[in-house]
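The lines below spell out each chain.
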Amino acid sequence: MKRLQNEVREIAGEKEQVTKDDLESMNYLKAMFKETLLLHPPTMLVPHESTQDLKMNGYDISARTLVFVNVWAIHRDPNIWVKPGMFYPERFMHSSIDFKGMDFELIPFGGGRRICAGLSFAMDNNQLVLPNLMHKFNWMLPEGFNSKKFGIDRVSGLEGRVEKIAKQFDGMVEGILQEHIDDSLDTQADCDKHGEGEKMKDFMDVLLEAQRENSQEFFIDSVSIKAIILDMFVAGTDTSNTGLEWATSELLRHPKVLKQLQEEVRRITQGRVRVIEDDLEQMKYLKLKAVIKETLRLHPPVRC
Ligand code: HEM
């Protein structure tokens, strides 16, 4: 940081702002950005598709094969880089390696015909923001925070954010789990009392039942139950969201369909403010026939 700050302050001097012209001579800044993108490429796997049959390194690759270029692994390959994984901008100070797609050992923006279209824009922006902040401020970690002891995720704040969300989520699932445990005891006792057989089970009830029947081959504890639920949420959140976004976009493009759907919803909810789960059963148009199915047919959130 000191070396970068010295460079910035030397070149920008007393000026109010670091400008694009100043960047030209900021060689350490450029090296520092290359090093950051080497260690932390924002896109770790870049997908490309072969357009024709070809042979490469003895492998036959047929046309239309989807290949994921593992940028992360290339950027940390010990056969290419000295001290891979170490933050060492000096490695670029006397090197002609650049990220413009011609040097395949440094490809944070991809390469070939589909190289990132926003490369110059992204670099101009990034490279201007940082020296301006360096120019005006001295940066340091909070007192008592030992950067050697903590990884980059802790320093950048990412780990803290993930921990916070994980805690909130854990608390929520723990609550649902507890509700199910209490509920299953009460409801089963009620059903037994009134001779009503078994109560309707949901997924968590089934997992709890498996826990009660724990065997040596299939061990499931409360932590495993929460992990399974979390897994399902994560897998389902983005896909559901995408599906909804497509559905609303298609409805906006097709006012007649929107009207039909709206009539159905309003007829069934009869002035109620909210649609509840029981209403869905009656919404044949929404539920069974058109909108959702058609949206998922045209825009499957998981494409391959
Ligand atoms: C540090 C910032 C950025 C990084 C690391 C980055 C990285 C990438 C990568 C790896 C690809 C795939 C290239 C390939 O298939 O070989 C890509 C594609 C693309 N990027 Fe960026 N990108 C960044 C910023 C931007 C910005 C700011 C824009 C727009 C203003 C942008 C627009 C695009 C577009 C349009 C494509 C698709 C190009 C195509 O398929 O023809 N990117 N980017």
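Enquirer: Quick question: what am I supposed to make of the domain arrangement of the protein chain here?
Expert: Interface size is commonly expressed as the accessible surface area that is lost when the partners come together. Looking at the protein chain, the domain boundaries give domain 1 (2–142) and domain 2 (153–220). Taking only C-alpha atoms, the centre of domain 1 and the centre of domain 2 are 45 Å apart.

Enquirer: What exactly am I supposed to notice about the site of the ligand here?
Expert: If you check the shell around the ligand, you find 16 residues, and the closest are Gly110, Cys116, Ala117, Gly118 and Ala122. The set of elements that each furnish at least two residues to the shell around the ligand consists of strand 1 (45–49) and helix 5 (119–136). Residue composition of the shell around the ligand, grouped by class: nine nonpolar, six polar and one charged.

Enquirer: I'm lost on the packing of helix 1 (residues 2–12) against helix 5 in this one. Help?
Expert: Helix-helix packing is characterised by the crossing angle of the two axes and by the distance between the axes. Two elements in contact, helix 1 and helix 5, have axes separated by 9 Å at closest approach and are oriented at 90°. By the criterion of interaxial angle, the relationship of helix 1 to helix 5 is roughly perpendicular. Contacts between helix 1 and helix 5 involve Leu4, Gln5, Val8, Arg9 and Ala12 on the former and, on the latter, Pro131, Met134 and His135. In the contact of helix 1 with helix 5, the residues fall into five nonpolar, two polar and one charged.

Enquirer: Quick question: what am I supposed to make of helix 10 (residues 255–269) here?
Expert: Spanning 15 residues, helix 10 covers 21 Å between terminal C-alpha atoms, matching the ideal 21 Å at 1.5 Å per step. Note on helix 10: the residue one or two positions beyond its end, Gln270, has a positive phi of about 45°.

Enquirer: I'm lost on the packing of helix 1 against helix 3 (residues 27–39) in this one. Help?
Expert: The contact between helix 1 and helix 3 brings their axes to 8 Å, and the two run at 140°. Here helix 3 runs oblique to helix 1, going by the angle between their axes. Contact residues: helix 1 offers Arg3, Leu4, Glu7 and Val8, while helix 3 offers Tyr28, Leu29 and Met32. Class assignment for the residues of the contact of helix 1 with helix 3 results in five nonpolar, no polar and two charged.

Enquirer: Help me understand the nonpolar core, please; the structure alone is not making it clear to me.
Expert: Nonpolar side chains tend to gather and get buried jointly when the protein is soluble and globular. The biggest cluster of nonpolar side chains holds nine residues, and these are Val8, Ala12, Val18, Met26, Leu29, Ala31, Met32, Phe92 and Met134. Mapped onto this core, the elements with two or more residues apiece are helix 1 and helix 3. In terms of residue count, helix 3 provides more of this core than any other element does, three residues in total. Those residues in contact with Val8, other than ones at most four positions away along the chain, are Val18, Met26, Leu29, Pro131, Met134 and His135. In this structure, Leu38, Val71, Leu106 and Phe109 belong to the second largest nonpolar core, which totals eight residues.

Enquirer: I tried to follow unusual backbone geometry on my own but got confused; where do I start?
Expert: Most of the time, phi is negative for any residue but glycine, and the peptide bond is trans. Phi at Lys83 takes a positive value of approximately 45°, unusual for a residue other than glycine. Locating Lys83 in the fold gives a position in the loop between helix 4 (71–75) and helix 5. Of the residues examined, Lys83 has 9 C-beta atoms within 10 Å and is grouped as exposed. The phi angle at Gln270 is positive, at roughly 45°, despite the residue not being glycine. Counting through the fold element by element, Gln270 comes out in the loop between helix 10 and helix 11 (277–282).

Basis of the calculations
- Residues numbered from 1 in each chain as written.
- Predicted model: local features only at pLDDT ≥ 70, side-chain atom pairs only at ≥ 80, totals over all residues.
- Domains from an automatic or database assignment.
- Near = placed C-beta within 6 Å.
- Helix = DSSP H or I, 4+ residues; strand = E, 2+ residues; numbered from the N terminus.
- Nonpolar A, V, L, I, M, F, W, Y, C, P; charged D, E, K, R; others polar.
- Axes fitted to C-alpha atoms, helices over the stretch in contact; angles between N-to-C directions.
- Parallel < 35°, antiparallel > 145°, perpendicular 65-115°, else oblique.
- Contact = placed C-beta atoms within 7 Å.
- Expected span 1.5 Å × (residues − 1).
- Core = buried A, V, L, I, M, F, W, Y, C linked by C-beta atoms within 7 Å.
- Buried ≥ 20, exposed ≤ 12 C-beta atoms within 10 Å, placed from the backbone.

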